[in-house]
Amino acid sequence: MAPEDGRVQVEEDATWRMYLGLSREMFTALERGLGADAGVSVADLELLEPLLAAGRPGLRAKDLAAAAEWQDSRVSHQLRRMETRGLVTRSRDRQDGRGTVVCLTDAGEVAARAAQQTRRVLVRELLLSPLDEAQVASLVEVSGLVRARIAASGQAR
């Protein structure tokens with residue numbers, strides 16, 4: 001079908017609105033749940049989860065940015081806010097003084113575990129439970145295809 005076809009444009013517009021609404025509502029549900037249960041935001045969680053997985057040695061800020069798929073400057077700003085709230089500490093990398101190592105504080109670890117559990121429950125309840133196995137597999141496949149297209153276009157991060 002040609003992009004000029006009015007019916008195609010209507011379908012594309014409807015698909016976009018459905019996707020946008022889904023992403024907005026899922027994000028809002030996660031923000032509310034994470035805030036209520038763990039006192040953190042989705043942005044906090046995107047950094048807390050890789051730090052939790054890394055354990056006590058922590059992660060270099062550059063590695064954390066890669067794990068979160070964020071730009072270094074965004075990570076730096078978010079870490080400053082999280083450090084102020086007592087969730088993380090930043091220190092010079094002992095092996096490379098130019099780098100920064102980020103570690104969870106005890107409070108950050110507690111918040112990370114609570115947030116991760118909330119995220120798992122909400123994703124399972126709101127995103128996955130309405131779908132059967134084949135639909136979940138399709139969601140994963142379609143998401144991968146779209147992300148690959150975005151990466152190939154140079155529009156990612």
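Quick caveat, the model's predicted, so the values are computed rather than measured. (Residues numbered from 1 in each chain as written. Predicted model: local features only at pLDDT ≥ 70, side-chain atom pairs only at ≥ 80, totals over all residues. Heavy atoms only, no water.)

## Quick look at the pairing of strand β3 (residues 100–104)
Part 1 of the reasoning: Here β3 lies mainly inside the structure; 4 of its 5 residues are buried.
Part 2 of the reasoning: As paired elements, strand β1 (residues 59–60) and β3 share 2 bridges and run antiparallel to each other. Paired with L59 across the two strands is V102, which belongs to β3. (Buried < 20%, exposed > 50% of the residue type's maximum accessible area, 1.4 Å probe, protein only. Helix = DSSP H or I, 4+ residues; strand = E, 2+ residues; numbered from the N terminus. Pairing = 2+ DSSP bridges.)

## Examining helix α1 (residues 6–38)
Part 1 of the reasoning: Given a rise of 1.5 Å per residue, 33 residues ought to cover 48 Å, and the 47 Å separating the end C-alpha atoms of α1 matches this to within 8%.
Part 2 of the reasoning: Along α1, the positions that sit buried rather than exposed are V8, G21, M26, L30, G33, L34 and A38.
Part 3 of the reasoning: Buried residues along α1 sit against α2 (42–54) and α5 (106–128).
Part 4 of the reasoning: Just downstream of α1 lies G39, where phi reads positive at about 70°. (Expected span 1.5 Å × (residues − 1). Contact = heavy atoms within 4.5 Å.)

## Details of the pattern of salt bridges
Part 1 of the reasoning: Tallying each qualifying case throughout the model produces 9 salt bridges.
Part 2 of the reasoning: Among the salt bridges present, the one from E49 reaches R119, with a minimum N-O distance of 2.7 Å. Separated by 70 residues along the polypeptide, E49 in helix α2 and R119 in helix α5 bring together distant segments of the chain.
Part 3 of the reasoning: Residue classification places R119 among the partly exposed residues on the basis of a relative accessible area of 23%.
Part 4 of the reasoning: When the shortest N-O distance is used, the salt bridge between R113 and E109 registers 3.0 Å. Residue R113 and its partner E109 are both found in helix α5; the two are separated by 4 residues, about one turn of the helix.
Part 5 of the reasoning: Owing to a relative accessible area of 48%, R113 belongs among the partly exposed residues under this scheme.
Part 6 of the reasoning: A network of salt bridges, in which partner residues are shared, links R56, D106, E109 and R113. (Salt bridge = Lys/Arg side-chain N within 4 Å of Asp/Glu carboxyl O.)

## Considerations on the nonpolar core
Part 1 of the reasoning: One finds V40, L47, L64 and V88 to be the most contacted residues of the largest nonpolar core, which totals 29 residues.
Part 2 of the reasoning: Ranked by residues supplied to this core, first place goes to α2 with 7 residues.
Part 3 of the reasoning: Once residues lying within four places of it in the same chain are set aside, the contact partners of V40 are E31, L34, G35, L48, R85, L87, A111 and A115. (Core = buried A, V, L, I, M, F, W, Y, C linked by side-chain atoms within 4.5 Å.)

## Here's the deal with a nonpolar patch on the surface
Part 1 of the reasoning: Together, V142, V146 and I150 make up a nonpolar patch on the protein surface, roughly 230 Å² of accessible area in all.
Part 2 of the reasoning: Along the chain, the position of I150 falls in helix α6 (residues 133–153).
Part 3 of the reasoning: A relative accessible area of 37% places I150 in the partly exposed class. (Patch = residues over 30% accessible without salt bridge, like charges linked within 9 Å, V, L, I, M, F, W, Y side chains within 5 Å. Areas by Shrake-Rupley, 256 points an atom, 1.4 Å probe, with all protein chains shown as cover.)

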